Structures are given as structure tokens and as C-alpha cells.
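# Architecture and fold: a report
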Amino acid sequence: MYQDIIDFWFSELKPEQWWQKDAELDALIERRFGALHAQASAGELFPWRETPSGSLAEVIVLDQFSRNIHRDKPESFANDPLALGLAQVAISKGFDRELAPVERSFLYLPFMHSESQLIHVEAVKLYEQLGIRNNLEFEYKHKAIIDRFGRYPHRNNILGRASTPEEIEFLKQPDSSF
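For clarity, every value in this text was computed on a predicted model and none was experimentally measured.

### What about unusual backbone geometry?
Leave glycine aside and you will find that most residues have negative phi; peptide bonds, for their part, are mostly trans. Phi is positive for Asp-72, close to 65°, though the residue is something other than glycine. By secondary structure assignment, the location of Asp-72 is in the loop between α3 (52–69) and α4 (80–92). Here the phi dihedral of Asp-175 falls at roughly 60°; this positive angle occurs in a residue that is not glycine. Turning to its location among the elements, Asp-175 is positioned in the segment after α9 (165–171).

Right, here's the structure in full:
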């Protein structure tokens, strides 16, 4: 069943769809994979963790599908710690080295999505090793925000956090949110 996730994400979708806000795509993901997302959120897809592709699929469900299904809601970030932990385990098993570079980039995304400075140190290493320049540049941008604020200011409204005056000014700038 995890192959359905891999096929959908890497074959059915075009790469530009991964990064666009699209209500139709969000609804499609919820219709097709909403029940599976609930299972992943409950930790019920643990058998997938035995293979590189299964591990990647679970991370995509928790990291990316959460953002699609719960766009602009606090729940979009609720599975980030679980996705990060699963990505860390997969990497410790060497599963990332068995994936294609574009697949590895999605296994590493929970590191980029983290609001931890320590995790971003690791993210830079992972993306440097990966060798996809665009991914590394995005990680540098994410890390700079975390280094400056200790969090992503563009999440503040969604998460009910008060923004500092410096964050408010920052959010007025282009490319201040992802």
C-alpha cells in the first residue's frame, strides 16, 4: 500500500504541484489518503518502516499530506515531530542511501520543517550530501529564519502565537514565508 503513496507523489503529480497551494489537490489528497493519514498519525503504519520506500511513504504522509489535508490549520504541523523521528530512524538504517535523490529530498524535509537550530545543523549536512543545489539553498533560507527567530514567524497566526515586532517587520518582506 505504501507504493500507492510513492506512485502518487512522484509519478501522478508534477514537481511544481508539490509546492503550490491548490485547494483541489488538497481535497484530492484528503479523499484518497485521508484514512491512511489518520492511521499514520496514530502510528499504525509501523510495518512500512521495514523498507526504504515504506519509510519514505510514511514520512510523506505525515509531513506533506498533513500540510495538504490541514492547510492553514494548526494540525498541518501536528505530525512534524513524528515525521522527523521516522526520518531520523530511516537515515540511521541507511535507507536514504537506497532512495533516488529526489526521494531523499522528501525524506529530509522534516529536518527543514523543524523549528530546532540543532536539527537545522543536521539538515544542512544532509542537503549538502544530497547535492541538489536548489534544496540546499532552501535549507539555508529556512535555517537563517530559525537562527534569527528560533521559529518560523509565518506559522505564528496559524499556531496562535504572538508575533514580535521584529517578526511582524520580517513578514512584510518578500520570501519571508514558505
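Right, picking up where we left off after that structure.
### What about the side chain of His-37?
Along the polypeptide, His-37 turns up in helix α2 (residues 23–41). Here His-37 falls in the buried class, since its relative accessible area comes to 6%. If near-sequence neighbours (up to four positions away) are discounted, His-37 is found in contact with Val-61, Phe-65, Ser-66, Ile-69, His-70 and Asn-79.

### Some points on the pattern of salt bridges
Applying the stated criterion across every chain, the model contains 14 salt bridges. The partner of Arg-155 in a salt bridge is Asp-80, with the nearest N and O atoms 3.9 Å apart. Here the residue Arg-155 occupies a position in the loop between α7 (133–149) and α8 (156–159), and Asp-80 occupies one in helix α4, the gap between them amounting to 75 residues. Of the two residues, Arg-155 and Asp-80, neither departs from the other in class, the shared state being buried. Ionic pairing is found between Arg-148 and Glu-166, a salt bridge with its closest N-O pair at 3.2 Å. Pair noted here: Arg-148 is in helix α7 and Glu-166 is in helix α9, with a separation of 18 residues, a long-range link.

### Quick notes on the side chain of Glu-103
Along the chain, Glu-103 falls in helix α5 (residues 101–113). Although buried, Glu-103 forms no salt bridge, and the nearest oppositely charged side chain, Arg-104, lies 8.7 Å from it. What Glu-103 contacts, discounting residues up to four positions off in sequence, is Ile-6, Phe-10 and Leu-56.

### With respect to the packing of aromatic side chains
Any pair of aromatic rings gets described here by the distance separating the centres and the angle formed by the planes. Considering all chains together, one arrives at 14 aromatic pairs under this definition. Taking the centre distance of 5.9 Å and the plane angle of 65° together, the rings of Tyr-2 and Trp-48 count as edge-to-face. Of the two residues, Tyr-2 is situated in helix α1 (residues 2–12) and Trp-48 in the loop between α2 and α3; the sequence distance between them amounts to 46 residues. By relative accessible area, Tyr-2 is classed as partly exposed at 24%. Exposure remark for Trp-48: the relative accessible area of 9% places this residue in the buried category. Lys-141 extends its terminal NZ or CZ atom over the ring of Phe-138, reaching a point 5.3 Å from the ring centre.

Rules of the game
Residues numbered from 1 in each chain as written. Predicted model: local features only at pLDDT ≥ 70, side-chain atom pairs only at ≥ 80, totals over all residues. Heavy atoms only, no water. Helix = DSSP H or I, 4+ residues; strand = E, 2+ residues; numbered from the N terminus. Buried < 20%, exposed > 50% of the residue type's maximum accessible area, 1.4 Å probe, protein only. Contact = heavy atoms within 4.5 Å. Salt bridge = Lys/Arg side-chain N within 4 Å of Asp/Glu carboxyl O. Lys, Arg positive; Asp, Glu negative; His and termini not counted. Phe/Tyr/Trp six-rings, centres within 6.5 Å; stacked < 30°, edge-to-face > 60°. Lys NZ or Arg CZ within 6 Å of the ring centre and 35° of its normal.

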